[in-house]
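# Survey of secondary and tertiary structure
The residues making up each chain are set out below.
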Amino acid sequence: MRILLVEDDAQLGDGIRAGLKLDDCSVDWVRDGEAARLALPVHAYDACVLDLGLPKRDGLSVLKELRGQGNRVPVLILTARDSGADKIAGLDAGADDYLTKPFDLPELQARLRALIRRAGGAAAPTLEHGGVVLEPASKRVTRDGQPVVLSALEYALLYDLLRHKQHLRTRSQIEESLYAWGEEAGSNTVEVYVHRLRKKFGAEFIRTVRGMGYRLGDGA
Ligand code: CA
């Protein structure tokens, strides 16, 4: 999952980024409202964590512009303590959730998972296809009830395909979603990991759509 983090506080931003990376998210971190405005249309982010008090342009105006453009990316706003008015203004401007500083990182992680899940139209906290079950909160994967051990990239690819199981995923979409591991992602990374997942879950588990990309099989 790819998250845009907009936070000008270096220490807080650093902590959030580190925490989300542990949660299998790739994080683009910008530190002012103008940079956020420029970054948001560039990638199909799975969610945005948006501080409201920002240099150059405040978070509320970034949010209003985003929604004005019809962008429906899930947005969680961060508000300062004692700023009830900000919270209300943020929710009215189209924020999906909020947290008041200071907050616990696990709570931010859980709220983001819930937001992304709802945005994907899946109410259940687990993702399932063809006997393969992935539980994002614990990162547990099972096949027909038996635990399956996956490397970080195998897990990331499986998570991506399961979250979009109704849709074809192009290679570049998958690459974007694996971007957190970009330093080791070569030109054939996607093919390599598709191959590995097929070895674990069967050749039919992932279908190749020639010249276009991949999608999960019919789930026999
Ligand atoms: Ca701030």
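Now for a description of the structure that goes with this document.

Here is what the cut-offs are and how they apply
Residues numbered from 1 in each chain as written. Predicted model: local features only at pLDDT ≥ 70, side-chain atom pairs only at ≥ 80, totals over all residues. Heavy atoms only, no water. Helix = DSSP H or I, 4+ residues; strand = E, 2+ residues; numbered from the N terminus. Buried < 20%, exposed > 50% of the residue type's maximum accessible area, 1.4 Å probe, protein only. Contact = heavy atoms within 4.5 Å. Areas by Shrake-Rupley, 256 points an atom, 1.4 Å probe, with all protein chains shown as cover. Lys, Arg positive; Asp, Glu negative; His and termini not counted. Charge placed at Lys NZ, Arg CZ, Asp CG, Glu CD. Pairing = 2+ DSSP bridges. Axes fitted to C-alpha atoms, helices over the stretch in contact; angles between N-to-C directions. Right-handed = clockwise from strand over helix to strand, strands pointing away. Disulfide = S-S within 2.5 Å. Parallel < 35°, antiparallel > 145°, perpendicular 65-115°, else oblique. Left-handed = near helix turned anticlockwise from the far one by under 90°. Nonpolar A, V, L, I, M, F, W, Y, C, P; charged D, E, K, R; others polar.

## Considering the overall build of the protein
A count of helices and strands for the protein gives eight helices and twelve strands. Based on the C-alpha atoms only, the size of the protein along its principal axes is roughly 55 × 35 × 30 Å. Within the protein, the fraction of its 220 residues that count as buried is 44%. The contacts of the protein with a sequence gap of at least 6 include a subset with a gap of at least 24, amounting to 55%. By element, 49% of the accessible surface of the protein is carried by carbon and sulfur atoms, the whole surface being about 11,100 Å². Taking the 31 positively charged and 32 negatively charged side chains of the protein as two groups, their mean positions are separated by 5 Å.

## Regarding the sheet that holds strand 2 (residues 26–30)
Strand order in the open sheet formed by five strands is 2-1-3-4-5, with parallel pairing between adjacent strands. Taken across any chain shown, the strands that pair with only one partner, and hence form the sheet edges, are strand 2 and strand 5 (97–100). Strand-to-strand twist in this sheet, taken as the mean axis angle between neighbours without regard to direction, amounts to 20°. Contacting strand 1 (2–6), strand 2 and strand 4 (75–79), helix 1 (residues 10–22) crosses the sheet at an angle of about 165° to strand 2. Of the strands in this sheet, strand 1, strand 3 (47–51), strand 4 and strand 5 are in contact with helix 5 (residues 105–119), which crosses strand 5 at around 175°.

## Points about the pairing of strand 2
For strand 2, the tally of buried residues reaches five of five residues, placing the bulk of the element in the interior. Of the two faces of strand 2, the one holding S26, D28 and V30 and the one holding V27 and W29 are both buried throughout. Where strand 1 and strand 2 come together, five bridges link them in parallel fashion. Its bridge partner lying in strand 2, I3 is registered against V27. At this point the chain moves from strand 1, through helix 1, to the parallel strand 2, and the crossover so formed is right-handed.

## Some remarks on the state of the cysteines
Counting across every chain of the model gives zero disulfides. Left unpaired, C48 is separated from the closest cysteine sulfur, that of C25, by 13 Å. Given a relative accessible area of 2%, C48 falls into the buried group.

## So, the packing of helix 1 against helix 5
Interaxial distance between helix 1 and helix 5 falls to 10 Å at its minimum, and their mutual angle equals 55°. Taken together, the axes of helix 1 and helix 5 lie oblique to each other. Of the two elements, helix 1 crosses helix 5, and the hand of that crossing is right-handed. Residues G15, I16, G19 and L20 of helix 1 touch helix 5, and the partners they reach there are L105, L108, Q109 and L112. Of the residues that constitute the contact of helix 1 with helix 5, the class distribution is five nonpolar, three polar and no charged.

## A short note on the side chain of T142
Position of T142 relative to the elements: it lies in strand 8 (residues 140–143). We classify T142 as buried; its relative accessible area is 9%. Residues contacting T142, with those up to four places away along its chain left out, are G131, V132, V133, P147 and V148.

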